[in-house]
Each structure stands twice: as structure tokens, then as C-alpha cells.
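Spelled out from the first residue to the last, the chains are:
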Number of protein chains: 4
Amino acid sequence: MRKKRAAVLGASGYTGYDLLRILTAHPGVEISHLTAEKHAGRDISDVFPQMSGFLDIELMPLGAESIPDDIELVFLALPHGTSAAVVKEIYERDVKIVDLGADFRLSLDTYTKWYGEHPCPELIEQAAYGIPEINRDRIKTAKLVANPGCYPTSAILGLAPLVKNALIDTDAIVVDSKSGVSGAGRSPSLDYHFCEVNEGVKAYKVGEHRHMPEIEEALSNYSGQDVKVSFTPHLIPMDRGILSTIYVKLNEAKSTGDLLGLYENHYKEERYIRISPEKVYPSTSQVRGSNFCDIGLRAEQSNNTAVIVSVIDNLVKGASGAAVQNMNILAGFDESTGLEIPPVFP
Amino acid sequence: MRKKRAAVLGASGYTGYDLLRILTAHPGVEISHLTAEKHAGRDISDVFPQMSGFLDIELMPLGAESIPDDIELVFLALPHGTSAAVVKEIYERDVKIVDLGADFRLSLDTYTKWYGEHPCPELIEQAAYGIPEINRDRIKTAKLVANPGCYPTSAILGLAPLVKNALIDTDAIVVDSKSGVSGAGRSPSLDYHFCEVNEGVKAYKVGEHRHMPEIEEALSNYSGQDVKVSFTPHLIPMDRGILSTIYVKLNEAKSTGDLLGLYENHYKEERYIRISPEKVYPSTSQVRGSNFCDIGLRAEQSNNTAVIVSVIDNLVKGASGAAVQNMNILAGFDESTGLEIPPVFP
Amino acid sequence: MRKKRAAVLGASGYTGYDLLRILTAHPGVEISHLTAEKHAGRDISDVFPQMSGFLDIELMPLGAESIPDDIELVFLALPHGTSAAVVKEIYERDVKIVDLGADFRLSLDTYTKWYGEHPCPELIEQAAYGIPEINRDRIKTAKLVANPGCYPTSAILGLAPLVKNALIDTDAIVVDSKSGVSGAGRSPSLDYHFCEVNEGVKAYKVGEHRHMPEIEEALSNYSGQDVKVSFTPHLIPMDRGILSTIYVKLNEAKSTGDLLGLYENHYKEERYIRISPEKVYPSTSQVRGSNFCDIGLRAEQSNNTAVIVSVIDNLVKGASGAAVQNMNILAGFDESTGLEIPPVFP
Amino acid sequence: MRKKRAAVLGASGYTGYDLLRILTAHPGVEISHLTAEKHAGRDISDVFPQMSGFLDIELMPLGAESIPDDIELVFLALPHGTSAAVVKEIYERDVKIVDLGADFRLSLDTYTKWYGEHPCPELIEQAAYGIPEINRDRIKTAKLVANPGCYPTSAILGLAPLVKNALIDTDAIVVDSKSGVSGAGRSPSLDYHFCEVNEGVKAYKVGEHRHMPEIEEALSNYSGQDVKVSFTPHLIPMDRGILSTIYVKLNEAKSTGDLLGLYENHYKEERYIRISPEKVYPSTSQVRGSNFCDIGLRAEQSNNTAVIVSVIDNLVKGASGAAVQNMNILAGFDESTGLEIPPVFP
């Protein structure tokens, strides 16, 4: 396999590191350019001693102009706003781009409402929303993929079979998500100081998290229905993992077995979705470090409700793994290249 | 204050220890009799070196006959079934009893359905359900209190103002609870082995947990309505604490401020309920080691929903602290005696 | 008991909070004045919702001039340097002072070498080093106590019986300490960001930590010998607790029983020292939240060595608890007033 | 590369799982036979849902007779004693064997003293001690490798350059090790129950751990000197990782730079040893999930001492990774085959 030259912009965060972890073992990719604004000039293995022996290249300052012309694949792990500004400058090059930030995930109206003015509205239509399990055909023809948010990935994959088949009241969906702390990034703040987080659990941004409209738009686009969710994220004292517990009202009574069959069938071609047997509910620890989304569920026939439990590693299927999966599609690699990493346990 | 002689049956578990932690500093209580089936014959400070210097008495085998006649207060921290059998034998004595187990929390029908045959049905009617904030008058006249379950305490206190005032659809309540591991007790099993729990989160007993009917019965009794909940407990990698996120459908639109005002007013005389300001949601770490239940909430006027977040320390307000609060009422002490322990943080 | 009016300067850190936790339940103290530079103007129960219902006073800016004249007891939980500057201004008042910082722990020479110029050298001689177990008589006559460092407390109490009785080679002592993260304070930085600390252990400031000279000076003063230690601190993924493992060379062979007897005897009057039985080594979790130092040990007769394991809660016996113990001595309260708090477990 | 057929005996523990994690991605190995006494008859992906999609074969009961004749590579992750009994029965087959247990790590005398009667003394001499970095030539010619203990790996690699070059007093070595909980295995017991371990640190088996004689023998054999260590293991609240802090007395004064140079040179051909720069000490989190041993150190010229800090992932370089490295040598694969897995962080 000829290796394609790749750049990772924003390489000093947790998502950046996880990209490097996956890409160093990817047979089709050569990591050729890294940026990290705060650490420019340092070697990546100085910032991440983990990388020592794998990758010893210098971190460059951010800036489209410094990206070498021969770069073919670009991963952006940058704050929203910053990301779109770079995409704008390199979009015309002969590159494939996966943006792990929020800039191209939403329609312009929704973006403006939740994030403010968009730095590059003209490219929104060009970007494919990057959940292959619901949008593979569109991704195949794109050169820019908007990698999804971590919470949305777990919620959308947990709900897709139900909304696609119009089985639930799309106005009465509750998504209660629990996330490890790496989802909050690597910038120090009191909120994520060890002793503030350890040995505690809390809800935050109740009804106000920017991933709520992303879940709604993506599922509405996918199903053709107008999907609304009540979304509450929680912070859990662990490094990695998201578990979303999803409560739905079924349009008609279904048994647990019925629904499990539906999910099995819906995802039967999907390498990275695994359905748990009846009465078994997945733990985040069974996907840690891997690209899987594991799903378990229970239906309550007496009152037409169901509870779906969906787990991912927020840094892999919720970020870097999905990005590599999307890039594999963009670049013409087999979709699972570099992603056949079994979970780390414990 | 004359000290009353107290027995703690089942002193070698986490709940047992937490009772000892509180009672050793209680000015009205002298701990005189401890049992622990597995550790009978050992000194309590050998089983719990924590207690060394506070309490140095021998653990006795379980058995009503061995309880000295001069014991005035009895706390039972025993498995269900076992507990009722002991209560049956000592009920006629001149004692006040708080049973921290499940035996007297439910009506006979509900108990039979969820736990099986009841070992002492004749006393069910005598027992007062022990959440003072919703049942204080009944507790005052009882000699036996059924201390509530940990999950029910957090759910019931989070819902009481709404159901009492008939503000919500009692058929569409979702309770999503997250618990620390001490709630599962101190008996070793693979499920609670360190590496199985650490760095992971999972749901369990979805729609099947025995605390679900307890929540429903207690709230139905309190409100006069038929309350149904969808209850999903989760295990979180921390020692102590329960956070319940509660999703309700309001009968009519309310602002967050309206609801906060309602909660403030409803609980204005309650020492152990604290309401968080608007946009602030409590963390379990703000009640750790203390008897408080802290509550925050958010209403969504656009669709008549609300999210309530309720936190307790499962071993204190969810078990031992509530037991002492109940015993204070039974024994005629001031209700807060021995409970003015500020949270431990971090 | 008449309550004495107390000030806590630096109330918004972990040590500050732990002082409040202990002092709110102290029958001889009324907390009357709090400062917190960064949070001045906010209510303490806003900064620490834990305190809600216990203490509702406003945080004031730091500054000796703002301390009310009627304050009788002053606790300083401030950075070194800052602390001495305040002490200088209030020392002549009719107050008792416990400084939890480093400014008065060392001789002038040692301070200058490890910290730089001293802001108030004239008071160094007035300050008593605040480990009552080795310096009670001196504390009794002081008005200013230098509360010891957390690591030094665990190391010194673990070594005191040996050095006092000249039983070991004072040139070959190794102190390997493991600390929870609260010891690093509450200021956000990448080093103490949740994901950087969790699931890892590391050594830091090997041979260069400022607590090393403190251990050496305090033990030298106590024993009349010139004590040298090799000190290596480690950061452990937990909130509270220090465990020091101490390796010594005995001048002559001793059995474990001999040494345990020596320790038992040396500390027989000490409320807050507990000696573990032979073959039992204490865990930090058996002192959590309490003022105890628990010690276990093993001697190796074949080669005249011994290993001593000493555990404390770094925020209690290693900071706030010791401060209250010292203040009790200064203020004429019974030494254990407010400190009879059993450990929290789990 | 033709795949060789491999068996993993004892596949349901943490070490077993980590072997599967590594071997499923190993291009030269096909996992063909798994045993797990307690779970015989279940599918491996039922016991470890992590493996679902990678490996779906049935677990067999232990027993040499059931091992298919065409198995070429055998990994034993069994309790000591059990392991040797199986090796005895299969040794004459045309197989290469890596025993991850303790049975063949020690001389007969030492084994007998620390473990009791040896079940297969005749093969002790045939087994090569499996730390390639100190014993590669011997491993190359063996058919049975005794995979080293986790603590010994970290201690031996941290000390090898010093003892080989006769730079230290081999009678005054202190090894203070801190281990994550996975090192204790997967059998439930109160000692490793979540709440007993979490938020605490403790020493155990002080001066009595069976890894102490292993460290001594291996280093004595390697250096030709009689090496003695004082070894104290500690349990840390994390899943994976060992950090050993090693205190030595140098025969003559060395600078930190001198020693770092010595280590760099000693290990310059070793893929899985990384030396940290001066003043940098490795965290276990920089090797998590990988086969590296990272080493940092500091020399103190004033008193001829040095402190060496050595970190590994106890399940990888301390167990399964080392086993694959050894098997690669035995089977003629490139030594790093399947082991080029970057650390997982956070």
C-alpha cells in the first residue's frame, strides 16, 4: 500500500494523541505534519512521551500556509471557528479533509443559533456528516467530512434503527449521557481538576449542550421525521467512555426480542456496531480504546416504552477512530484499515 | 443527655460502619451490642481499624436471643428476610427499631411480587416508611421504621414537591440514577472487583430493580395519585454517592424559577434538603459523608418538561444518616442530633 | 464553653475547606472572618456549596488591616511568603496564630536555601514547630505555630521513636511517600488535570522537594542527631491520604515485636497515633477524614533493617486537623476538641 | 507469514485477555485453543464481550490431553503448580512454550523455600528466564521460557545496568514498588473489592513477597554478584501499571548525566526500553497498554546515592507483552512482531 502523507492539526490534545496512536499503526498513512499552537517548536515525543520511538517530529504552529503542498490527508482537531478558517484555505488543494470540530456538523441556521457567526458558510453544503453507519454514501463522494460529536455518535447510533423505521414518538426522546473526563479536552480548569471530578458525578449544561441540536438534526435528516430530544450530559470520574441511556415511547408495543432483532438486522453489515444479548447491557469498559459502539436494550410491553443503552469510547468511535474510519472512506482505503484494535481491558 | 443503649445488627458492612461513624459521635447513644455473622468473636476495631480508639467491643453472632434486655434502640443492617425474622422476635420488647433493609418498606402484595414470601407480614402495617420529609407524623408514633432504599430516597425527594402538587404526568416519569459502588455492599463478587468497575460505567437491572416499586408506592401513598416510573440504575466508578436525573412532563408550562420557588417553599422547614440556584446542578461530591439531599432543576417551557437532579450520599441520607434521623424521631431526640456533620471534600 | 472568634485566611482551597469542616463543629470556635483573594465578595457557600447551611459569610480580600480587632484565633492557609507578611502585621495583637504554610517551619538558613529570602526573619525564633507529638511543651508557650508539612508529618511520626532512641543510622534513611492529589492544592494546572493524574503514578521532585529539609531539621532538633533522608514523593490517583514507606538501617538487630513495643510505648499517651499489630500495615483509607496517624512496621533481623509504614490524611493530620490540634493547645482547649471525628470509609 | 497455531491456557483472567488482545493482531499467530477451567463451554466473547468480532471460539477445560496435536505455540497463564503439571505433559511435543506463571522462574532451592515442593523439577534447568534484555541468547535456544513476574521486570530492568557494571553496593538495594490492581488477578476477594481499594494506598507482604527472591536470583545470575534487595510492594487505586522506585548506594560518586549515559548505552539496542531525559521521571500512564519499560533516574553526588524510577504496564511488559516478545524469539518471528502498539493515553 502506498502511504499517503497526512497532517494532524491540533496534535497536543487527547483527540490529537489518539489520532497519532491509531495512525502510527495505519499501513496507508504516513504522519508528515503536526501542529500544536501552544507547543510549536517542541518534538511530539516531548509533549507525549508515549510517542517516543514511534514518532519524532517537530510540532509546527497552526496555519494553513505552513501545511506542505504534498499533504494528501488532513485531520483537524481544533476548536470550532479555528477549524473552519483553516478548511477554507486548504479546501481547493488536492486533499481529503476530516474536521473533528463542530464547524461543519450543523446547518447554517442551527450553527448560527448555537455557536454564532459561521467562519466559512460556503462550505457547509460540501461537508458530509461523518457517521458512516447512517451516511456512508454521502461520505464516499465528499472531500470534507464533519466528524460527529462524541455524545451525538452514541445517541444517534442508539436511536437510528428506531427513527429510520418510524417506531417511536420523536417528540418524547430522553437521552441521558454519562461521559469520561477526556471529552472535556486537555486545557486545565478548575472544573476538570482531579479532586473536583474524582469521586463525584454531576450533570451540566442541562438542556443547553450544543450536542443536542446535532443529535436532532442528524436524526431528522436520516429519518425524514422531525426529531426532538431532551439531552442531559453528566461527567463521570473516569478517563474515557460515553454511555447514553435513551428512553423512548414506542408507537406500538414491542418485545425486547423484537427490538434486538431489528437492531441486529439494521446493523448487520456494520463492523463497528455490536448488539448485546437480551438482559445484557454494555459497559463502557468493553469498548475502551476501540472503535466499537455496543448497544443493549429492553422494551417494556406494558407501557410501550423502551430503554436503549449505547456505549462508545469517546476518543475513538466518538472522535479519532471515527475520523480514521471516515478518512479511509474518503481516501479509498478499506474502511476498517488501522481500526482493528481490540479493546483494552481492564 | 442520658445515653440510650443501642444495638447495631450487621455491623461489618459499609452501612454498618457508617452507622458506627455517626453513632460514636452521637451524644444520646451508647453503642452496646454489635453483631456480624461472619466475623463473630472478632473485635470491631479489628474488622474496621478505622474504629480503633473509638469503639473496642466484640462482634456477636446474629440472633435475637443474644440481644441484651437493656437495649433500647435497635438498628438492623441485614439482608432482607433475615431482618424481618429478627424484628419479629424483638418487636414486643421496649425498644425502638430502625430496619435498614427492605422488609418493611412495601405493602405485602408488592413485597410478595418482588421479593417473595414475607417472613413477618403481621408487622408490615406497624412499620412507618422512613423518609421524614414526607412521612414525619407517621414516624413519630411508630416503634418500627422501615428505612428507605438509597435510590428511592434520591428519587422521592426529587419528585415529592411535583407529585404532591399534582403538577406532572405521573405516568411518564423517567428516573435515571447513577450510584457509587458502596451501594452494592461489601460481599466480594466479580461484579464489584476493582478492575471490573473502575474506568467504566454500566446500566444494570434495567426496568427490574426492586427499588422501582418502592419509589412508586411511596410516591403514590404520599400524593394520592398512581405514580409510575421508568427506573434505570447505573454503576459509577466511585465509592459513595447517588445522583438521580429525573425527567418529567409538566401538566402546564412552568419556568425554572417557578419550580425552584416551589421546591424552596415545599422544603423550607427541612434541615437536610438544600435547593441549588438556577443553572447550578449539584454534584454528589457536595454531600459526601453528610446527611444532605441537594436538588437542582431546569424547566423547559417550550415543551412542558423539566429535569430534576437530586444527589445524596447513598450511605448517609441513603442509609445510615436517615436511620439516625429516624431513630432521633422515634427516641425523642432532636431530629438533627449527631447529624450535623459537614460534607467531606474532596 | 465561650466561643473564641476565629479567622481563616485562604478559605477557598482544600485546606481552607477542611479547616471549615472541622471548625464548624468545634464547640469553642466561632468562624468570624474568611478571606479568599480570588473569590472576595462571594459567599463561602457559593464557593463551597458543601458549606451551605453551616456557614454563610462573605469572603473578604486578604489583608491584615481587614482582620477585625476582636479576632482571637488566626489560621493562615496561604502560599509561603504571603503568609509571613500577614503574620508580621498581626503578631503584636492579642491573637494566637497557626500558619499552615511553610514560612516558619525552618531555620533561617535552611529557609533561605530552599525558598529564598524570608519575609519576616525576626519571628522565626518565636514560632513553635507544630507537631505536638514531638514538640508539645514548646507549642504550649508559643503564640505562633508553624504547622508542619504533610509529607514531613507522616515521615517524622514514623521515625521519631527510632531517632529519639538513637537506634538507626541517621545517614541512611529512605522515605518513599505516596500522596493523594489534594496535597497539590486547588489551582488548576495540566499536572493535576483529571486525565493526567488518573490511572497513573509518578515520582516528582526526586531529591529536590522542599519537605526534605523540613524532615531533616525537625528530626535533628528532636533527636539531637544529624538526620539525613533521601526523600521521593509520588503522586497517586486519589483525593486524600499520604503513605510513607520508610527504610532504615538499625544499629543492632531488633525483632518486629521489639520495635512495635517501642512504638507502642513511645506513643502511649498520644490520642492520634495508632500502632498496627504485627504483619498488619495500615492503608490510607483507615484514616480518611480523621486526625490519625497509623503506623505499622517490620524488622528484618538478618540484616538489621526495618521498614516503617506511616499513613495520614494529608488534609487533616497533614494540615487542618493538626492546625486545630495546635490551636487547641495554644488557646487552652482540650487538645482533642473538635477532632474526635471517626474516619470516613469507604 | 504462515500463521502458527497457538493455545492460551487460562484465558479468562486479565493476563489471558491481554494475550488475546495482542495475539489477535499478531500476523504470525492463529489462536486455536483456549482453556478456562471455570468457564469451560462458554464462548470467549461471552466471557469477554470485548473480544466479540475478533474471536469466537469455545473455552475448553484445562488439561494437556485436550490440547490439539497441531498446536505449535503454548501460552500458560495459570496458577503456579498447575502450570508446571501441564508443561510436564506437553514438553516432549513439537511446541514452544511460554509459561507466564512462577514455576520455572527460580532455582529449585529457591522455589522450594518460597513456594513448596516443585511439581516438575526436571525441567527447571531447561527453562530460560524470559527477560530478553538480560537473557536473549539463552531464550533463543530454549523451547520453554519462564516469563518473569511483573514486579521483577520493573526492578530488574531498572537495576541491570548498575549491577552488570558493578557500580553499586548489592547489599543495600531498596525496591519500593507501586502496582495497579490488575496485578492481583481476577478472582473476587474482599482485598480487591472496589471500595476497599479505591481512594487508598497500602503496603502488603512487606519483606515477604515471592517476587523478592526472583529479583535477587535474576540479578545475581546476570551480574555474577550476590544481589540482595529489600522489596516492598504497594497497591494503588488504578487498573494497570507498576512503578518501581529503586534506591541504591553507588560505589563511587556519579552525576545524573553519567548514569543516564550509562543506561542509554546499555539499552541502545533495546526496542522496549526508553530512557527519560534528566529531571524527567516517567509515569505509568506513558506506557499503558504497551510493551515499554521507561526509566528515569537521579544521582546524588554528595552521598553516592541514586534513585531509579522504572515503569511498565504490568499486564504487557510485565506479563502478556513479554510473553509474546519471548515467543517471537522462540518461534523465529521478528522480536517486535505484534508488539508495535502505542500506549493508550489517557
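All figures in this text were calculated on a predicted structure; none of them were measured in a lab.

Scoring rules and cut-offs
- Residues numbered from 1 in each chain as written.
- Chains lettered and ligands numbered in written order.
- Predicted model: local features only at pLDDT ≥ 70, side-chain atom pairs only at ≥ 80, totals over all residues.
- Heavy atoms only, no water.
- Contact = heavy atoms within 4.5 Å.
- Buried area = accessible area lost by both parts, 1.4 Å probe.
- Salt bridge = Lys/Arg side-chain N within 4 Å of Asp/Glu carboxyl O.
- Polar contact = N/O pair within 3.5 Å; in protein donor to acceptor, adjacent residues only side chain to side chain.
- Nonpolar A, V, L, I, M, F, W, Y, C, P; charged D, E, K, R; others polar.
- Least-squares fit on C-alpha atoms with pLDDT ≥ 70 in both.
- Helix = DSSP H or I, 4+ residues; strand = E, 2+ residues; numbered from the N terminus.
- Buried < 20%, exposed > 50% of the residue type's maximum accessible area, 1.4 Å probe, protein only.
- Arc of directions from axis to C-beta.
- Axes fitted to C-alpha atoms, helices over the stretch in contact; angles between N-to-C directions.
- Parallel < 35°, antiparallel > 145°, perpendicular 65-115°, else oblique.
- Left-handed = near helix turned anticlockwise from the far one by under 90°.
- Pairing = 2+ DSSP bridges.

Participant: Even after reading the chapter, I still don't get the interface of chain C and chain B, so can you show me in this structure?
Facilitator: A common way to report how large an interface is uses the accessible area buried once the components associate. Between chain C and chain B, the contact holds 32 residues from the first and 32 residues from the second. Counting the surface chain C buries against chain B, the share from its top three residues, Gln50(C), Phe345(C) and Pro346(C), is 25%. Inspection of the chain C/chain B interface yields zero salt bridges. On the surface where chain C and chain B come into contact, there are 18 residue pairs in polar contact (both at pLDDT 80 or more). Of the residues in the side of chain C that touches chain B, the class split is 14 nonpolar, eight polar and ten charged.

Participant: Which parts of the structure should I look at to understand the relation of the copies chain A and chain B?
Facilitator: Each of the two chain copies can be generated from the other by rotation about an axis followed by a shift along it. The operation relating chain A to chain B is a screw motion whose rotation component is 180°, with 0.0 Å of axial translation and a residual RMSD of 0.0 Å. Such a combination of turn and shift is consistent with a two-fold rotation axis. Comparing interface residues between copies, 100% of those in chain A also sit at the interface in chain B, which points to an isologous, same-surface contact.

Participant: Please explain the pattern of salt bridges as it appears in this structure.
Facilitator: Should their charged atoms come close, side chains of opposite charge can pair. Overall, the coordinates contain 76 salt bridges over all chains when judged by the stated rule. Close ionic contact of Arg136(B) with Glu335(B) constitutes a salt bridge, the shortest N to O distance being 2.7 Å. One end of the pair, Arg136(B), is in helix α5 (residues 132-140); the other, Glu335(B), is in the segment after α10 (316-331), and 199 residues separate them in sequence. Across the pair Glu208(D) and Arg298(C) runs a salt bridge, and its minimum N-O distance is 3.9 Å. Linking Glu208(D) in the loop between β9 (202-203) and α8 (211-223) with Arg298(C) in strand β13 (residues 293-300), this pair reaches from one chain into another. If you follow the salt bridges from partner to partner, you end up with Asp18(A), Arg21(A), Arg240(A) and Asp313(A) in one network.

Participant: Explain helix α4 (residues 108-115) of chain C here, please?
Facilitator: Helical geometry note: an α-helix holds 3.6 residues per turn, so side chains three or four residues apart project in the same direction. All names here are of chain C. Those residues of α4 that sit buried are Thr110, Tyr111 and Tyr115. Take α4 and look down its axis: the buried residues cluster within an arc of 100°, on one side only. Along α4, the residues that are exposed and aim more than 90 degrees away from the buried face are Asp109 and Lys113. Looking at the buried positions of α4, the neighbouring elements they touch are α8 (211-223). Positioned one or two residues after α4, Gly116 has a phi angle of 105°, which is positive.

Participant: Just to check I follow, could you spell out the packing of helix α6 (residues 150-164) of chain C against α8(C) for this structure?
Facilitator: Residue and element names in this part refer to chain C. With their axes 9 Å apart at the nearest point, α6 and α8 run at an angle of 30° to one another. Compared by their axis directions, α6 and α8 come out roughly parallel. Where α6 crosses over α8, the two elements pack in a sense that is right-handed. Counted together, Cys150, Tyr151, Pro152, Ala155, Ile156, Leu159, Ala160, Val163 and Lys164 of α6 and His211, Glu214, Ile215, Ala218, Leu219, Tyr222 and Ser223 of α8 form the full contact between these two elements. Grouping the amino acids of the contact of α6 with α8 by side-chain chemistry returns twelve nonpolar, two polar and two charged.

Participant: Looking at this structure, how should I read the relation of the copies chain C and chain B?
Facilitator: Taken as rigid bodies, chain C and chain B are interconverted by a rotation of 180° and an axial shift of 0.0 Å, the fit giving an RMSD of 0.0 Å. In this assembly the copies share their binding face: 100% of the residues contributing to the interface of chain C also contribute to that of chain B.

Participant: Please clarify how the environment of Glu37(A) should be interpreted in this entry.
Facilitator: Residues and elements named next belong to chain A. Position of Glu37 among the secondary structure elements: in the loop between β2 (29-35) and α2 (44-47). A residue is classified by how much of its surface remains accessible, and Glu37, at 53% relative accessible area, is exposed. As for Glu37 and Gly16, which are separated by 21 residues in sequence, their C-alpha atoms are 13 Å apart. Beyond its immediate stretch of four places on either side in the chain, Glu37 contacts Pro61 and Leu62. Within the local environment of Glu37, its side chain forms a polar contact with the backbone nitrogen of Leu62, the two atoms lying 2.8 Å apart.

Participant: Looking at this structure, I do not really get the sheet that holds strand β7 (residues 144-146) of chain B. What am I missing?
Facilitator: Sheet strands associate in pairs through backbone hydrogen bonding, adopting either a parallel or an antiparallel arrangement. Residues and elements named next belong to chain B. On the basis of which strands lie adjacent, the open sheet formed by seven strands has the order β3-β2-β1-β4-β5-β7-β6 and parallel pairing. With one partner strand each, in any of the chains shown, β3 (59-60) and β6 (128-129) form the two edges of the open sheet. Here two bridges tie β6 to β7, and the two strands are oriented parallel to one another. By the bridge assignment for β7, Tyr129 is matched with Ala146. Running over the sheet, α10 touches β1 (4-9), β4 (73-76), β5 (96-99) and β7 and is turned about 160° from β5.

Remember, this is a structural readout, not a statement about activity or role.
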